[in-house]
There are 2 protein chains.
Amino acid sequence: MEERVMKDRVMAEPLPRRLQELPRPCARLCLRVRRFIHSLLPEASLSGSVLVAFSGGADSTALAVILHCLGMSPQLAHLDHGLRAESRAEALHAASFAQRLNAPFLTERIVVADLARQENLGLEAAGRLARYRFLERARRETGADWIATGHQLDDLCEDQLMRLIRGTGWPGLGGMPALDGKRRLLRPLLATRRSEIETFLAALGLDRIEDPSNSDARFTRNRIRHELLPIIRRENPAHADAGLDLWRLARLDESYWNGIIEPALAAIRPELLPAEACERPRDALPALHLPRHAFAHLPAAARLRVYMALIRNGAELRGKGQARAETLFRLDECCMNGQGVKYFQLPGQLSLIVCAEGVYLPLEREIIP
Amino acid sequence: MEERVMKDRVMAEPLPRRLQELPRPCARLCLRVRRFIHSLLPEASLSGSVLVAFSGGADSTALAVILHCLGMSPQLAHLDHGLRAESRAEALHAASFAQRLNAPFLTERIVVADLARQENLGLEAAGRLARYRFLERARRETGADWIATGHQLDDLCEDQLMRLIRGTGWPGLGGMPALDGKRRLLRPLLATRRSEIETFLAALGLDRIEDPSNSDARFTRNRIRHELLPIIRRENPAHADAGLDLWRLARLDESYWNGIIEPALAAIRPELLPAEACERPRDALPALHLPRHAFAHLPAAARLRVYMALIRNGAELRGKGQARAETLFRLDECCMNGQGVKYFQLPGQLSLIVCAEGVYLPLEREIIP
């Protein structure tokens, strides 16, 4: 690796900086990415700066060059995750690439295996946590408006499959968003095939880091990528188009349902549990309260999405927590037809209480009798 | 096979006729199936008779016995599809089983391979066509209200995967309905696992026909079943629950969207193409007309579903035809922002014309310039 970094330095030709310097097919890809970004964001919102989550792999390398050629002056942020012996050398490669791009560069080292132990997480989850924590710190430090990640269409198809396997509902099943305003995330390559990225890199003679963990079958995503996806693409060679279609439909439905349930979500308040909802007299406990009047008039398809959002709010405040659709159906049955007080225990540590005033989600564990 | 049919006759013990005669777990399964049927249909609608699509395989054998024990007096209809040497013997087995159940029995022989050639279809599709044509004839002949098929939860999960692979949107992705009023189809076992059916048959010592074509890798469904599903179930052993959840969410959304788009669909009329929509002067041609006022005020998520339903109507009148979501998005863009007349060619033989009056779907091919 050290040798390769040296080579990088020796060969360090300047990278293309403008669309006009690119071969025609590469320029076309850049323009397609720009159109995609503009379909997500009005042009003005991108006047601010973008921080690229830069691993040095194929996707983020292409992303950095594309944004650069589109005149968006990206900064690069590289997390040295300390998972492999090569990770320091990779950080050097990343730094040298940033130099060739004349882009500001941030890096940080964290031993993900330690974090996994501390937080009691799998390596895959700990790596993700470390990455997003670092990126958010880096974004604040640099004052960037957006964190851009290299996720592309093949990643999206894998994500859809993983969601199908886990049992995600709709529109979640459509896969990761290209724009996440809350986390300030942007995924400009989400409509671009991996193969197009490879072609782009090859045409520009760009080097990239091969991450050997991409073939590690301990990671769910890799098993999906190497076992499941090839079968699906044998059955339908145009499956990536189908995945993109599904994603677009999901985004459309998501924005529709968000509009419908927004007033109900706005009515959720932190409140103390009413005496009625406690089986034994006890100190009043904090909870999220979704008042009945905020959702009872909605159609069932909307009510279920309101419950889901309440549970997601609770999960964010309390750590883990989720619900199967089957639970949501029973909860709804109870909300609309039930009498008296009913308790629901959800996977994770969450619970729900249905009573005359609506639904409560206790913010402390010991409320369930 | 002849030998086996003889054995059936010799052993022909009467089958259980009432819930009370069943072992407790079998009776519980029957009651669960009854609750499922009642969740689809008000009790009164089932006072009429039911025709079971009876192949003699595990699913339809269990279905016949379950409906019988629930007091629904099913009739059995068996299609001898002439695909295998054993198919005549299987028809005899089916007849003998009906006799043991004391159920009216209808059968018919058709050589599916001939039909496939005549209609230019694959064996899988020709088999399906032959089956549903026969069942509909049989239903009319017997005056039955519903055709009940043995599709169960594992079939449903396979169906969802096939739809994901094909690129089906939402709520279609949730899989086959349990109730199809138009085709008079009922799928009472759709929430029941294959393994539960096996246990049921074993507990009652019931024989069934093993269909060797179930392991024939020429059929898409079998490849899904034997290659894809095992990987998915290794990743999530509770995937069947997830599939059922997805199905329930899809049914809920389907009924929601049907309510929203119904008025728009009711406004679709067969009409002659206006001169405006023809590039050259020609005889007026018949088309389906979706008037602009019927959909333009709807949200985008609903408009796309209206176009989809229009295309489905057209496909029913003209044979094949479908549209990718991407086409629907472009069509919508054109409907809402476009000027002048635009033509869309769809896969299959369908086309659409967008003009000031709305959308036209020509019912003859040569309209597209």
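Just above sits the structure.
Reading the values: rules and limits
- Residues numbered from 1 in each chain as written.
- Chains lettered and ligands numbered in written order.
- Predicted model: local features only at pLDDT ≥ 70, side-chain atom pairs only at ≥ 80, totals over all residues.
- Heavy atoms only, no water.
- Helix = DSSP H or I, 4+ residues; strand = E, 2+ residues; numbered from the N terminus.
- Contact = heavy atoms within 4.5 Å.
- Areas by Shrake-Rupley, 256 points an atom, 1.4 Å probe, with all protein chains shown as cover.
- Lys, Arg positive; Asp, Glu negative; His and termini not counted.
- Charge placed at Lys NZ, Arg CZ, Asp CG, Glu CD.
- Buried area = accessible area lost by both parts, 1.4 Å probe.
- Salt bridge = Lys/Arg side-chain N within 4 Å of Asp/Glu carboxyl O.
- Phe/Tyr/Trp six-rings, centres within 6.5 Å; stacked < 30°, edge-to-face > 60°.
- Buried < 20%, exposed > 50% of the residue type's maximum accessible area, 1.4 Å probe, protein only.
- Lys NZ or Arg CZ within 6 Å of the ring centre and 35° of its normal.
- Pairing = 2+ DSSP bridges.
- Least-squares fit on C-alpha atoms with pLDDT ≥ 70 in both.
- Axes fitted to C-alpha atoms, helices over the stretch in contact; angles between N-to-C directions.
- Parallel < 35°, antiparallel > 145°, perpendicular 65-115°, else oblique.
- Nonpolar A, V, L, I, M, F, W, Y, C, P; charged D, E, K, R; others polar.
- Core = buried A, V, L, I, M, F, W, Y, C linked by side-chain atoms within 4.5 Å.

1. Focus: the overall build of chain A
Secondary structure assignment for chain A yields 12 helices and 11 strands. Taking the principal axes of its C-alpha atoms as reference, chain A extends roughly 75 × 45 × 40 Å. Across chain A, every contact between residues at least 6 apart in sequence was considered, and the portion connecting residues at least 24 apart equals 69%. Surface exposure of chain A reaches about 17100 Å², of which carbon and sulfur atoms provide 51%. Positive and negative charge centroids in chain A, built from 51 and 46 side chains respectively, lie 1 Å apart.

2. Focus: the interface of chain B and chain A
Facing 39 residues of chain B, the contacting portion of chain A comprises 39 residues. Summing both partners gives a buried area of about 3700 Å² for chain B against chain A, and 68% of it is carried by carbon and sulfur. At the boundary of chain B with chain A, the tally comes to 10 salt bridges. Between aspartate 245 of chain B and arginine 324 of chain A there is a salt bridge whose closest N-O contact spans 2.8 Å. Elements with a contribution of two residues or more to the side of chain B that touches chain A: helix H7 (153–166), helix H9 (220–235), helix H10 (239–266), helix H11 (300–318) and helix H12 (325–337) of chain B.

3. Some remarks on the pattern of salt bridges
Opposite charge on two side chains permits them to pair, given that their charged atoms come into close proximity. Residue and element names in this part refer to chain B. Under the criterion given, the structure shown has 59 salt bridges over all chains. Between glutamate 316 and lysine 182 there is a salt bridge, with the nearest N and O atoms lying 3.2 Å from each other. In this pair, glutamate 316 is assigned in helix H11 and lysine 182 in the loop between strand E5 (179–180) and strand E6 (185–186), connecting sequence segments 134 residues apart.

4. Some remarks on the packing of aromatic side chains
Under the criterion given, the structure shown has 13 aromatic pairs over all chains. Consider the rings of phenylalanine 295 of chain A and tyrosine 307 of chain A, whose centres lie 5.6 Å apart with planes at 80 degrees: the pair is edge-to-face. You can see phenylalanine 295 of chain A sitting in the loop between strand E8 (286–291) and helix H11 (300–318) and its partner tyrosine 307 of chain A sitting in helix H11, a full 12 residues away along the chain. With respect to class, phenylalanine 295 of chain A is no different from tyrosine 307 of chain A; both count as buried. Taken together, Tyr256 and Trp257 of chain A together with Tyr256 and Trp257 of chain B form an aromatic cluster joined through their ring pairs. Between the NZ or CZ atom of arginine 183 of chain A and the centre of the ring of tyrosine 132 of chain A, over which it lies, the distance is 4.6 Å. We note arginine 248 of chain B situated over the ring of phenylalanine 329 of chain A; from NZ or CZ to the ring centre the distance is 4.1 Å.

5. A closer look at unusual backbone geometry
A cis amide bond, omega 10 degrees, links tryptophan 170 of chain A with the succeeding residue proline 171 of chain A. Note on placement: proline 171 of chain A falls in the loop between helix H7 (153–166) and strand E5 (179–180). Even without being glycine, arginine 184 of chain B reaches a positive phi, approximately 55 degrees. Its location among the elements puts arginine 184 of chain B in the loop between E5 and E6. What makes arginine 184 of chain B partly exposed here is its relative accessible area of 26%.

6. Regarding the environment of leucine 331 of chain B
By the secondary structure assignment, leucine 331 of chain B is in helix H12. In contact with leucine 331 of chain B, not counting residues within four places along its chain, are Tyr307, Phe344, Leu352 and Val354 of chain B.

7. Overview of the pairing of strand E9 (residues 342–345) of chain B
Residues and elements named next belong to chain B. In this structure, E9 lies alongside strand E10 (residues 351–355), joined through four bridges in antiparallel fashion. Among the inter-strand pairings, glutamine 345 is bridged to a residue of E10, identified as serine 351. Linking E9 back to E10 in an antiparallel pair, the connection comprises five residues, with glycine 348 at a positive phi of about 85 degrees.

8. Focus: the relation of the copies chain B and chain A
Mapping chain B onto chain A leaves a residual RMSD of 0.0 Å; the transformation is a rotation of 180 degrees accompanied by 0.0 Å of translation along its axis. Seen this way, the second copy is the image of the first under a two-fold rotation axis. Taking C-alpha positions as reference, the residue of chain B nearest the rotation axis is leucine 228 of chain B, located at 3.4 Å. Same-surface contact between copies: 100% of interface residues of chain B are shared with the interface of chain A.

9. Considering the sheet that holds strand E6 (residues 185–186) of chain A
Residue and element names in this part refer to chain A. Reading across the sheet, the six strands line up as E3-E2-E1-E4-E6-E5 and stay open at both edges, with mixed pairing between neighbours. Every other strand in the sheet has two partners, leaving strand E3 (105–109) and E5 as the edge strands with one partner each. Here three bridges tie strand E1 (residues 50–53) to strand E4 (residues 146–148), and the two strands are oriented parallel to one another. Within E4, the residue paired with valine 52 across the bridge is alanine 148. Docked against the sheet, helix H3 (residues 58–69) engages E1, strand E2 (75–80) and E4, running at close to 160 degrees with respect to E1.

10. Regarding the packing of helix H10 (residues 239–266) of chain A against H12 of chain B
Axis separation between H10 of chain A and H12 of chain B bottoms out at 8 Å; the angle between their running directions is 50 degrees. The orientation of H10 of chain A relative to H12 of chain B falls into the category oblique. For the pair H10 of chain A and H12 of chain B, contact is made by Asp245, Arg248, Leu249 and Leu252 of chain A and by Ala325, Glu326 and Phe329 of chain B, respectively. The class makeup of the residues in the contact of H10 of chain A with H12 of chain B is four nonpolar, no polar and three charged.

11. Observations regarding the nonpolar core
Counting 116 residues, the largest nonpolar core has Leu290 and Leu352 of chain A together with Leu290 and Leu352 of chain B as its most contacted members. For leucine 290 of chain B, the contacting residues outside a window of four places in its chain are Ala264, Ile268, Phe295, Val306, Tyr307, Leu310, Glu357, Gly358 and Val359 of chain B.

12. Some remarks on the sheet that holds E5 of chain B
Residues and elements named next belong to chain B. Taken in spatial order, the six strands make up an open sheet running E3-E2-E1-E4-E6-E5, and their pairing is mixed. Sheet topology places strand E3 (105–109) and E5 at the edges, where each strand pairs with a single neighbour. Sheet strands in contact with helix H3 (residues 58–69) are strand E1 (50–53), strand E2 (75–80) and strand E4 (146–148), and its direction is about 160 degrees off that of E1.

Geometric values such as these leave the question of function open.
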